[in-house]
Amino acid sequence: ADEGGGGRSSAAGAGGASKPLALVVFLGGVTFAEVAALRFLSARSGYDFLIAATEITSGQRLIESVVPTHACAALAISVK
């Protein structure tokens, strides 16, 4: 149901008021945990979150991008 809010549909459903929308942009990737945290905040706050990201990444790939390959081997972190 478009309520004249710039083409945005109400996320609250029939009869409910829509929440303000906050745009969250992740440059360099977002993890599933960060998306889950924003969903948690949305359920408990007065905001809906629109998430934009350059990539969806995992914790494993995040560690591999920060820790050198030889250190990953020493720490028994598997490197693909």
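Predicted, not measured: the structure shown is a model, and the values here were computed from it.

Peer 1: Help me understand the overall build of the chain, please; the structure alone is not making it clear to me.
Peer 2: Summing up its helical and strand segments, the chain has 3 helices and 4 strands in all. Scanning the chain from its N terminus toward the C terminus, one meets helices and strands in the order β-β-α-β-β-α-α. Looking at the chain as a whole, 14% of its 80 residues qualify as buried. Long-range contacts, defined here as pairs at least 24 residues apart, represent 53% of the contacts in the chain between residues at least 6 apart. Summed over its atoms, the accessible surface of the chain is roughly 5,800 Å², and 62% of this surface lies on carbon and sulfur atoms.

Peer 1: Just checking my understanding: could you explain the environment of Tyr-47 for this structure?
Peer 2: If you trace the backbone, Tyr-47 turns up in the loop between α1 (32-44) and β3 (48-53). In this structure, the C-alpha to C-alpha distance between Tyr-47 and Ala-22, residues 25 residues apart in sequence, is 6.6 Å. With near-sequence residues (within four places) excluded, Tyr-47 lies in contact with Lys-19, Pro-20 and Ser-42.

Calculation notes
Residues numbered from 1 in each chain as written. Predicted model: local features only at pLDDT ≥ 70, side-chain atom pairs only at ≥ 80, totals over all residues. Heavy atoms only, no water. Helix = DSSP H or I, 4+ residues; strand = E, 2+ residues; numbered from the N terminus. Buried < 20%, exposed > 50% of the residue type's maximum accessible area, 1.4 Å probe, protein only. Contact = heavy atoms within 4.5 Å. Areas by Shrake-Rupley, 256 points an atom, 1.4 Å probe, with all protein chains shown as cover.

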